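# Geometric and topological summary
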Amino acid sequence: ANQTLLRYMAQGAVAYAAIYFVKGTANIGTTAGNTFGSSGTTGSITLAIQKSGSSYRNYLHMIRYEGANTTIQNNTMGSISLAHVAGSAGGDVLNLNLIHVVPNSTTANITISNNTIGSTTTASSIQTTGSATQLYKVIRGITVTPSGSYDITVSNNTIANIDMTNIRSNTV
């Protein structure tokens, strides 16, 4: 019920992952899917950063996998707010990667399927909050960062109702 899952008071770069595997084979959600937040409301999880001082990039992940073989399926993520705490310095980047995979083997076999990111019925299920003068905010549903040839299957996932209002733009 509207709980803050994570609040950082940060100097420099920080990273957070609710589920994080660095090596080996991982089956995430294959027996029973994981639920992060709720599919029917907004704001049940708040990911917030407060910082001052030098520039930095923050990476927040619901699921992050760095390995050779994984199946990530049947996971539900919604009712998540990406916030910037008042009083923090601007000009930095706050990244939310909901499912992020970094294969670390040339024989990697990665499957990402049947995940729901955001709600199909609730508007702004995953959203940014705050003003456009605060941190740059980035929300990525599913990302795979390849550095070679792999067997990667991404199929039958739903990504819906991500609201990127109150975002800061840059002028070059």
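The residue count restarts for each chain, going from 1 along the sequence in the order it is written. In keeping with the predicted nature of the model, local features appear solely for residues at pLDDT of at least 70, side-chain atom pairs appear and are counted solely at 80 or more, and the whole-chain, interface and lining totals rest on all residues. Remark: hydrogens and water are excluded; side-chain values derive from all non-hydrogen atoms of the structure.

Moving on to the nonpolar core. Note on terminology: a nonpolar core comprises buried Ala, Val, Leu, Ile, Met, Phe, Trp, Tyr and Cys residues joined through side-chain atoms within 4.5 Å. Buried, partly exposed and exposed residues are distinguished by accessible area as a fraction of the type maximum, computed with a 1.4 Å probe on protein chains only: under 20%, between the cut-offs, and over 50%, respectively. Ranked by internal contacts, the top residues of the largest apolar core, which has 27 residues, are Met-77, Ile-80, Leu-96 and Leu-98. Counting residues per element, the ones that place at least two in this core are strand 2 (15–21), strand 3 (25–28), strand 5 (45–51), strand 6 (57–65), strand 9 (80–84), strand 10 (93–101) and strand 11 (109–113). Broken down by element, this core gets its largest block of residues, five residues, from strand 10. Leaving out residues up to four positions away in the same chain, Leu-98 has contacts with Met-62, Ile-63, Met-77, Ile-80, Ile-117, Ile-126, Ile-139, Arg-140 and Gly-141. The numbering of helices and of strands both runs from the N terminus, where a helix is a DSSP run of H or I of at least 4 residues and a strand a run of E of at least 2. Residues count as neighbours in contact if any of their non-hydrogen atoms are within 4.5 Å of one another.

Residues of strand 3 alternate between two faces, with Ala-26 and Ile-28 buried on one and Thr-25 and Asn-27 left unburied on the opposite face. Two strands pair if DSSP finds at least two bridges between them. Pairing analysis gives four bridges linking strand 3 to strand 7 (residues 69–73), with the strands arranged parallel. Bridging across to strand 7, Thr-25 finds its partner in Asn-69.

The strand order 3-7-11-15 describes an open sheet built from four strands, whose pairing is parallel. Across the chains shown, the open sheet's two edge strands, defined by having one partner strand only, are strand 3 and strand 15 (151–155). Taken pair by pair, the neighbouring strands of this sheet meet at an average axis angle of 5 degrees, ignoring direction. Lines are fitted to the C-alpha atoms to define the axes, a helix being fitted only along its stretch in contact, and any angle between axes, read from their N-to-C directions, falls within 0 to 180 degrees.

The next point concerns the sheet that holds strand 4 (residues 35–37). Spatially, four strands are ordered 4-8-12-16 in an open sheet, and the strand pairing comes out parallel. Pairing within the sheet leaves two strands with one partner each, and these edge strands are strand 4 and strand 16 (158–159). Across two bridges, the pairing between strand 12 (residues 116–117) and strand 16 is parallel. Within strand 16, the residue paired with Thr-116 across the bridge is Thr-158.

Further remarks concern the pattern of salt bridges. Each reported salt bridge corresponds to a side-chain nitrogen of Lys or Arg within 4 Å of a carboxyl oxygen of Asp or Glu. Throughout the structure, instances matching the rule amount to one salt bridge. A salt bridge links Glu-66 to Arg-64; its shortest N-O distance comes to 2.6 Å. Glu-66 gets classed as buried once you look at its relative accessible area, which sits at 17%. Among the residues examined, Arg-64 registers a relative accessible area of 17% and is labelled buried.

A separate point is unusual backbone geometry. Here the phi dihedral of Asn-74 falls at roughly 65 degrees; this positive angle occurs in a residue that is not glycine. Looking at the element boundaries, Asn-74 is found in the loop between strand 7 and strand 8 (76–78). Taking relative accessible area as the criterion, Asn-74 reaches 34% and is therefore assigned partly exposed.

Moving on, we come to the environment of Ala-32. Along the chain, Ala-32 falls in the loop between strand 3 and strand 4. Expressed as a C-alpha distance, the spacing of Ala-32 and Asn-75, which sit 43 residues apart in the sequence, is 8.4 Å.

It is worth spelling out the environment of Met-77 at this point. Checked against the element boundaries, Met-77 lands in strand 8. Under the relative-accessibility criterion, Met-77 is labelled buried at 1%. Spatially, the C-alpha atom of Met-77 lies 6.7 Å from that of Ser-38, the residues being 39 residues apart in sequence. If we ignore the near neighbours within four places in the chain, the residues touching Met-77 are Phe-36, Met-62, Ile-63, Leu-98, Ile-99, Thr-116, Ile-117, Gly-118 and Ile-126.

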